[in-house]
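Working through the structure, step by step
Single-letter residue listing:
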Amino acid sequence: LHEAGGITGYMRGVAARLADLGYVTLMPDLFWRIERNVDLQSDKDMTRALELIRRFDSEAGLRDVDAALSWMRANPQVEGPVGVIGFCFGGGLTYGAACELDPACAVAYYGVGVDLLAERLQEVTCPALLQFGTEDVFIPPDSLEKLRLAAQATPNVEIEVYEGAGHAFDNPYAEWHAPEIAARAWDRTAAFLAAHLAAPS
């Protein structure tokens, strides 16, 4: 599930990384009801991205995610279970998918909406990996701490917080990009996906 900038070159690169790990990968265009093929690569486009998010219908967006999950499960190339991974805006939508849909697992990178998730964490029944940076200006430290406390009673939810990382630390085009932390987070993601998306033997 793509970031606030839409289906950018960075997001296509993430899809390619997942494909390199052996996964069939689908990236739905979440903004299609507002504008198709959004590609806001630059930080200068943040105002436009925020406007798209303001107009975004999260309930309709979750229906799109549900349709994407169904499409993947019916795809003959897919031999195992289907999970969801999201970044930034898409990370927030991943929370909703984990609460309301039935992915085999969910991974969110610095997903927005942490306060709401902390209140609904008991609704997350699939294995979930939530990754954040301590210097994320979009996620207040007290909100993240609230989420961490809630996760102590939710063993299927794993939270990884990277010291010194800001928002979008995985995005090489973002000012907050942290290559070493991004590599560690990707290794963590790859291991988590391998554990929960293995095809049945």
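Everything in this summary refers to the structure shown in the same document.

This part covers the packing of helix α3 (residues 58-74) against helix α4 (residues 89-100). When two helices pack together, their arrangement is given by the angle between their axes and by how far apart the axes lie. Close contact between α3 and α4 brings their axes to 10 Å; oriented N to C, the two are set at 70°. It follows that α3 is roughly perpendicular to α4 by the angle criterion. In this structure, the crossing between α3 and α4 has a hand that is right-handed. Along its contact with α3, which presents Ser58, Gly61, Leu62 and Val65, the element α4 presents Leu93, Gly96, Ala97 and Glu100. Of the residues contributing to the contact of α3 with α4, the split by class is 4 nonpolar, 3 polar and 1 charged.

Within soluble globular proteins, side chains that are nonpolar tend to cluster in buried spots. Membership of the largest hydrophobic core comes to 44 residues, with the highest contact counts inside it found for Val65, Phe87, Tyr109, Tyr110 and Phe169. Elements that contribute at least two residues to this core include exactly α1 (9-20), α2 (46-55), α3, β1 (84-87), α4, β2 (106-109) and α7 (179-196). Top element by residues in this core is α7. It accounts for 5 residues. In contact with Tyr109, not counting residues within four places along its chain, are Ile85, Gly86, Phe87, Cys88, Gly91, Gln131, Phe169, Asp170, Ala185, Trp186 and Thr189.

A few words now on the packing of aromatic side chains. All chains considered together, the criterion is met by 11 aromatic pairs. Taken together, a centroid distance of 4.5 Å and an interplanar angle of 25° make the contact between Phe87 and Tyr109 stacked. Of the two residues, Phe87 is situated in strand β1 and Tyr109 in strand β2; the sequence distance between them amounts to 22 residues. A relative accessible area of 0% places Tyr109 in the buried class. Centroid distance Phe87 to Tyr110: 6.5 Å. Interplanar angle 65°. Geometry classified as edge-to-face. Taken as a pair, Phe87 in strand β1 and Tyr110 in the loop between β2 and α5 (114-120) lie far apart in primary sequence, 23 residues in all. Taking the relative accessible area as the measure of exposure, Phe87 reaches 2% and is therefore buried. By way of ring pairs, the aromatic residues Tyr10, Phe87, Tyr109, Tyr110, Tyr162 and Phe169 are connected into one cluster. The positively charged end of Arg17 is found above the aromatic ring belonging to Trp186, 4.3 Å away from the centroid.

Parameters and conventions
- Residues numbered from 1 in each chain as written.
- Predicted model: local features only at pLDDT ≥ 70, side-chain atom pairs only at ≥ 80, totals over all residues.
- Heavy atoms only, no water.
- Axes fitted to C-alpha atoms, helices over the stretch in contact; angles between N-to-C directions.
- Helix = DSSP H or I, 4+ residues; strand = E, 2+ residues; numbered from the N terminus.
- Parallel < 35°, antiparallel > 145°, perpendicular 65-115°, else oblique.
- Left-handed = near helix turned anticlockwise from the far one by under 90°.
- Contact = heavy atoms within 4.5 Å.
- Nonpolar A, V, L, I, M, F, W, Y, C, P; charged D, E, K, R; others polar.
- Core = buried A, V, L, I, M, F, W, Y, C linked by side-chain atoms within 4.5 Å.
- Buried < 20%, exposed > 50% of the residue type's maximum accessible area, 1.4 Å probe, protein only.
- Phe/Tyr/Trp six-rings, centres within 6.5 Å; stacked < 30°, edge-to-face > 60°.
- Lys NZ or Arg CZ within 6 Å of the ring centre and 35° of its normal.

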